[in-house]
Amino acid sequence: MVTVRHASGVETYYAGGRDSSDFVDSKYHIWKVVGGTNTSLAVTASQVAAAGDVVELDVSGTNLTLIVNGITILTVSDSAI
(Lines give C-alpha, C1' and ligand atoms only; values in the text may rest on other atoms or scores of the structure.)
Protein backbone atom coordinates (compact mmCIF):
# COMPACT_ATOMS: atom_id res chain seq x y z
CA MET A 1 0.00 0.00 0.00
CA VAL A 2 1.18 3.50 -0.90
CA THR A 3 -0.33 6.65 0.62
CA VAL A 4 -0.27 10.31 -0.45
CA ARG A 5 -1.69 13.70 0.62
CA HIS A 6 -1.87 13.02 4.33
CA ALA A 7 -3.75 15.63 6.33
CA SER A 8 -2.29 16.38 9.74
CA GLY A 9 -4.36 15.74 12.85
CA VAL A 10 -6.97 13.48 11.18
CA GLU A 11 -6.90 10.16 9.38
CA THR A 12 -7.21 11.58 5.85
CA TYR A 13 -5.25 10.45 2.76
CA TYR A 14 -5.36 8.73 -0.65
CA ALA A 15 -4.02 5.19 -0.93
CA GLY A 16 -3.29 2.69 -3.65
CA GLY A 17 -2.32 -0.96 -3.76
CA ARG A 18 -3.73 -3.81 -1.73
CA ASP A 19 -4.73 -3.63 1.92
CA SER A 20 -6.27 -6.80 3.35
CA SER A 21 -7.52 -4.94 6.42
CA ASP A 22 -9.72 -2.72 4.22
CA PHE A 23 -10.60 -5.05 1.33
CA VAL A 24 -11.17 -8.82 1.43
CA ASP A 25 -10.07 -9.45 -2.16
CA SER A 26 -6.53 -9.53 -3.56
CA LYS A 27 -7.15 -6.97 -6.29
CA TYR A 28 -5.53 -3.56 -6.59
CA HIS A 29 -7.52 -0.55 -5.40
CA ILE A 30 -7.28 3.23 -5.24
CA TRP A 31 -9.17 4.55 -2.22
CA LYS A 32 -9.48 7.54 0.02
CA VAL A 33 -9.77 7.83 3.77
CA VAL A 34 -11.44 11.03 4.98
CA GLY A 35 -11.82 11.48 8.74
CA GLY A 36 -11.23 7.73 9.17
CA THR A 37 -13.92 6.69 6.65
CA ASN A 38 -12.66 4.46 3.82
CA THR A 39 -14.13 4.85 0.29
CA SER A 40 -13.05 2.80 -2.72
CA LEU A 41 -12.50 4.95 -5.83
CA ALA A 42 -11.35 2.31 -8.32
CA VAL A 43 -10.58 -1.43 -8.38
CA THR A 44 -8.97 -3.68 -10.98
CA ALA A 45 -11.25 -6.13 -12.73
CA SER A 46 -8.81 -9.02 -12.71
CA GLN A 47 -5.22 -8.16 -11.79
CA VAL A 48 -4.34 -9.38 -8.31
CA ALA A 49 -1.45 -8.37 -6.08
CA ALA A 50 1.59 -10.65 -6.02
CA ALA A 51 4.71 -10.81 -3.86
CA GLY A 52 7.46 -8.64 -5.32
CA ASP A 53 5.16 -6.23 -7.18
CA VAL A 54 6.47 -2.65 -7.32
CA VAL A 55 3.56 -0.27 -6.62
CA GLU A 56 3.50 3.49 -7.25
CA LEU A 57 0.68 6.00 -6.74
CA ASP A 58 1.09 9.18 -8.77
CA VAL A 59 -1.02 12.27 -8.02
CA SER A 60 -1.35 15.31 -10.23
CA GLY A 61 -4.10 17.78 -9.35
CA THR A 62 -7.24 15.66 -8.95
CA ASN A 63 -5.89 12.70 -10.98
CA LEU A 64 -4.61 9.58 -9.23
CA THR A 65 -2.77 6.85 -11.15
CA LEU A 66 -1.81 3.44 -9.78
CA ILE A 67 1.22 1.91 -11.49
CA VAL A 68 2.29 -1.70 -10.87
CA ASN A 69 5.60 -2.98 -12.22
CA GLY A 70 5.81 0.04 -14.55
CA ILE A 71 2.32 -0.43 -16.04
CA THR A 72 -0.61 1.90 -15.37
CA ILE A 73 -3.47 -0.26 -14.11
CA LEU A 74 -5.91 2.26 -12.59
CA THR A 75 -6.71 5.93 -12.98
CA VAL A 76 -9.36 7.96 -11.21
CA SER A 77 -10.14 11.59 -10.49
CA ASP A 78 -11.17 12.86 -7.03
CA SER A 79 -11.01 16.28 -5.40
CA ALA A 80 -11.89 15.45 -1.78
CA ILE A 81 -8.36 15.82 -0.40
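Analysis parameters
- Residues numbered from 1 in each chain as written.
- Predicted model: local features only at pLDDT ≥ 70, side-chain atom pairs only at ≥ 80, totals over all residues.
- Heavy atoms only, no water.
- Pairing = 2+ DSSP bridges.
- Helix = DSSP H or I, 4+ residues; strand = E, 2+ residues; numbered from the N terminus.
- Axes fitted to C-alpha atoms, helices over the stretch in contact; angles between N-to-C directions.
- Buried < 20%, exposed > 50% of the residue type's maximum accessible area, 1.4 Å probe, protein only.
- Core = buried A, V, L, I, M, F, W, Y, C linked by side-chain atoms within 4.5 Å.
- Contact = heavy atoms within 4.5 Å.
- Salt bridge = Lys/Arg side-chain N within 4 Å of Asp/Glu carboxyl O.

1. Notes on the sheet that holds strand 6 (residues 63–68)
Within a sheet, adjacent strands bond to each other through the backbone by hydrogen bonds, running parallel or antiparallel. Within the open sheet, the three strands sit side by side as 5-6-7. Their pairing is antiparallel. With one partner strand each, in any of the chains shown, strand 5 (55–60) and strand 7 (71–77) form the two edges of the open sheet. On average, each strand axis in the sheet is inclined to that of its neighbour by 20°, with strand direction left out of account. Looking at chain direction, strand 5 and strand 6 are connected through six bridges and run antiparallel. In the sheet register, Val59 faces strand 6, and the bridge partner there is Leu64.

2. Concerning unusual backbone geometry
Phi is positive for Arg5, which is not a glycine, with a value near 55°. Checked against the element boundaries, Arg5 lands in strand 1 (residues 2–7). Even without a glycine there, the phi angle at Asn69 is positive, about 55°. If you trace the backbone, Asn69 turns up in the loop between strand 6 and strand 7. Overall, Asn69 belongs to the partly exposed group, its relative accessible area being 43%.

3. Details of the pairing of strand 3 (residues 27–34)
Most of strand 3 is tucked away: six of the eight residues are buried. Pairing geometry for strand 2 (residues 12–17) and strand 3, over five bridges, is antiparallel. Note on strand 3: the bridge partner recorded for Ala15 is Trp31. Judged from the seven bridges that link them, strand 3 and strand 4 (residues 37–48) form a sheet pairing that is antiparallel. Paired with Lys32 across the two strands is Thr39, which belongs to strand 4.

4. Some words on the nonpolar core
With 11 residues, the main nonpolar core is built from Val4, Tyr14, Tyr28, Ile30, Ala42, Leu57, Leu64, Leu66, Val68, Leu74 and Val76. Every element with two or more residues in this core is listed here: strand 3, strand 6 and strand 7. In terms of residues, this core owes the most to one element, strand 6, which gives three residues. Setting aside residues no more than four positions away along its own chain, Leu57 makes contact with Val2, Val4, Tyr14, Ala15, Gly16, Ile30, Leu64, Thr65 and Leu66.

5. Considering the pattern of salt bridges
Under the criterion given, the structure shown has one salt bridge. The residue Asp78 makes a salt bridge to Lys32 at a minimum N-O spacing of 3.1 Å. In this pair, Asp78 sits in the segment after strand 7 while Lys32 sits in strand 3, placing the two residues 46 residues apart along the sequence. With respect to class, Asp78 is no different from Lys32; both count as buried.

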